[in-house]
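Spelled out from the first residue to the last, the chains are:
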Amino acid sequence: MGKSWATSGVDLHLDRSGPGLRRGLTDALREAVRGGRLAPGTRLPSSRSLAADLGVARNTVAEVYADLVAEGWLAARQGSGTRVADRTPATPDRTPATPGRAPATPDRTPATPGTHDHAPATPDRIPGSHVHHPASPRPASPRPAPHRREPGRPAYDLVPGTPELASFPRAQWLRAARRALTAAPDRALGYGDPRGRVELRTALAGYLSRARGVHADPDRIVVCAGFLGGLGVLAELLRHRGARSVAVESYGLPHHRRLLARAGCDTPPLPFDDRGTLPLADPAAARAALLTPSHQFPLGLPLLPERRTALIDWARRTGGLVLEDDYDGELRYDRQPVGALQGLDPDRVVYLGTASKSLAPALRLGWLVLPPSLVEDAMDCMAGRTPGALDQLTLAEFLGSGDYDRHVRAARLRYRRRRDSLVAALAERAPEVRVTGIAAGLHAVLRLPPGTEQQVVRAAAWNGLAVHGLSTFRHPDAAVAPLDALVVGYGTPPEHAWAGALDALCRALP
């Protein structure tokens, strides 16, 4: 039996008797927002009211709203109900907070036209939640109790790139593993498809499409051993195709460059200016380019729309490939989200994703979304490299049950609170330090006075901090003047140690 609900001229048609009521309502609302039938700012009925209209349980509607908030289609704020998320482009603003004034809204990034906006602005508050805002810092408290330090190790780890491991959803993961193993056919314990289990590839195709705007068919997805495992497969594939040069960003992870170099690829740096990465100046300089377009690592800038277009044009003209590292695409806070570059041209962009930031690096689960022309060659390169089938089945179940969305939603709230407390502490105790790159992800860039980076890194070590200077990530051949800054990861310290880590950081800064 069908049921039609009309609000603001919108009809939602649902089958209340079917087993997929929650999924059907989620899909119907998502399509209404995506298609523009529910305009940004439209206030939705309360969960109680909509449940009564549809004749369903209130919890079902509340869970649907929460799922769509996690995906970024809806915004839920205390006192104003649930509304369609605002997708109006905002102006970048990286002005740090100053004492006595509310800190400026962190980096806002314009929405990118034509990037498959399946990932609209992500609100990070849900009914009943509390997000600490940097404009209202916590009252002064005594210095936190010292954090227990392991012999030979720093007291606090602020090296970027790792989530808070203590928050890994052990109970939910264990339940998913039990369900997955119980339901798995006997053949799942065999050698299987070199692309990975079809259950996970199917779950990833649906998730990446709705959350990141990726054109992902299960047949074009290859499950690999984390990001580095996927990059190693691509390096081998490129070498077999005669590509001896992969351009990389002027600031990036040194071990990515080393992996490519060991595979026989040169790694020339891409041009860079104060607005971020530029496309290749010489079209013949490389056959592929590795970038972090949504949230450049480590500087935190998004790839500007006109530069995205120029990069895709370069790939089409030269037959080159763009390797898109979407390392933290789900962890966005208060900016317009930038859709995956792959949505602009799935035939010229390879999408690389991983569970390392959203769940834990030890899972060693990553994925490639490949152009059709590369799938067969990639399968040949995957011999013996596919992750364990049981972990793949568990992640597929974790995604399909909604536990992954709920975990990411909780993680966003937790990391946003940490980021806000970092900005507030610096505004109070180190007002001359400029904070950038904080609209998404697990780290912030703290700009320092010229010539002081190494001095501050040494001071941080004296205060028991493990932290990297920005120079750690600079390409040795980059044609850009060095910048003095710290790259501060705020994901790693456990919750009980965060206040002590902030205190030690502020003592080390100028």
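Residues numbered from 1 in each chain as written. Predicted model: local features only at pLDDT ≥ 70, side-chain atom pairs only at ≥ 80, totals over all residues. Heavy atoms only, no water.

*Asks:* I keep staring at the side chain of His 407 and nothing clicks. Help me out?
*Replies:* Mapping His 407 onto the fold places it in helix α11 (residues 403–429). In contact with His 407, other than residues within four places in its own chain, are Ser 167, Pro 169, Ser 358 and Leu 359. (Helix = DSSP H or I, 4+ residues; strand = E, 2+ residues; numbered from the N terminus. Contact = heavy atoms within 4.5 Å.)

*Asks:* Whenever I open this one, the sheet that holds strand β18 (residues 485–489) confuses me. Can you help?
*Replies:* In a beta sheet, neighbouring strands pair by backbone hydrogen bonds and run either parallel or antiparallel. The antiparallel open sheet is built from four strands, whose spatial order is β14-β15-β18-β17. Since the sheet does not close on itself, it has two edges, and those belong to β14 (434–436) and β17 (468–469), each with one partner. Alignment of strand β15 (residues 443–447) against β18, held across five bridges, turns out to be antiparallel. For Ala 444, the partnering residue across the bridge sits in β18 and is Val 488. (Pairing = 2+ DSSP bridges.)

*Asks:* In this structure, what is going on with the packing of helix α5 (residues 198–212) against helix α10 (residues 389–400)? I would like to understand it.
*Replies:* When two helices pack together, their arrangement is given by the angle between their axes and by how far apart the axes lie. Where α5 contacts α10, the axes come no closer than 8 Å and their chain directions differ by 35 degrees. Seen along the crossing, α5 lies across α10 with a hand that is left-handed. Between α5 and α10, the residues in contact are Glu 199, Leu 200, Ala 203, Leu 204 and Tyr 207 and Gln 392, Leu 393, Leu 395, Ala 396 and Leu 399, respectively. Of the residues belonging to the contact of α5 with α10, the class tally is eight nonpolar, one polar and one charged. (Axes fitted to C-alpha atoms, helices over the stretch in contact; angles between N-to-C directions. Left-handed = near helix turned anticlockwise from the far one by under 90°. Nonpolar A, V, L, I, M, F, W, Y, C, P; charged D, E, K, R; others polar.)

*Asks:* When you look at the pairing of strand β6 (residues 221–224) in this model, what are you seeing that I'm missing?
*Replies:* Across a regular strand the side chains alternate sides, sitting on one face of the sheet and then on the other. With burial as the criterion, each face of β6 is covered, one bearing Ile 221 and Val 223 and the other bearing Val 222 and Cys 224. Where β6 lies against strand β13 (residues 366–369), four bridges are found, and the strand directions are antiparallel. Bridging from a neighbouring strand, Val 222 pairs with Leu 368 of β13. (Buried < 20%, exposed > 50% of the residue type's maximum accessible area, 1.4 Å probe, protein only.)

*Asks:* Looking at this structure, I do not really get the pattern of salt bridges. What am I missing?
*Replies:* Side chains carrying opposite charge are able to pair once their charged atoms draw close together. Under the counting rule described, the total for this entry stands at 22 salt bridges. Of the charged contacts in the structure, one is a salt bridge between Arg 30 and Asp 27, with a shortest N-O distance of 2.9 Å. Note that Arg 30 and Asp 27 are positioned in helix α1 (residues 21–34) at a spacing of three residues, about one turn of the helix. We classify Arg 30 as buried; its relative accessible area is 8%. Judged by its relative accessible area of 34%, Asp 27 falls in the partly exposed class. Counted as one network, the salt bridges with shared partners bring together Glu 164, Arg 414, Arg 418 and Glu 495. (Salt bridge = Lys/Arg side-chain N within 4 Å of Asp/Glu carboxyl O.)

*Asks:* Help me out: how do you make sense of the sheet that holds strand β12 (residues 349–354) in this one?
*Replies:* Read across the sheet, six strands follow the order β6-β13-β12-β11-β10-β7 without closing on themselves; strand pairing throughout is mixed. The two strands at the open ends of the sheet, each matched to only one other strand, are β6 and β7 (246–247). Pairing between β7 and strand β10 (residues 288–291): two bridges, direction parallel. By the bridge assignment for β10, Ala 247 is matched with Ala 289. Against the sheet, helix α8 (residues 305–318) contacts β10, β11 (321–325) and β12, and its axis sits at roughly 140 degrees relative to β11.

*Asks:* I tried to follow unusual backbone geometry on my own but got confused; where do I start?
*Replies:* Omega for the peptide link from Phe 297 to Pro 298 comes to 10 degrees, which places this bond in the cis form. Structurally, Pro 298 is set in the loop between β10 and α8. You will see that Arg 364, though not glycine, has its phi angle at about 55 degrees, which is positive. Positionally, Arg 364 belongs in the loop between β12 and β13.

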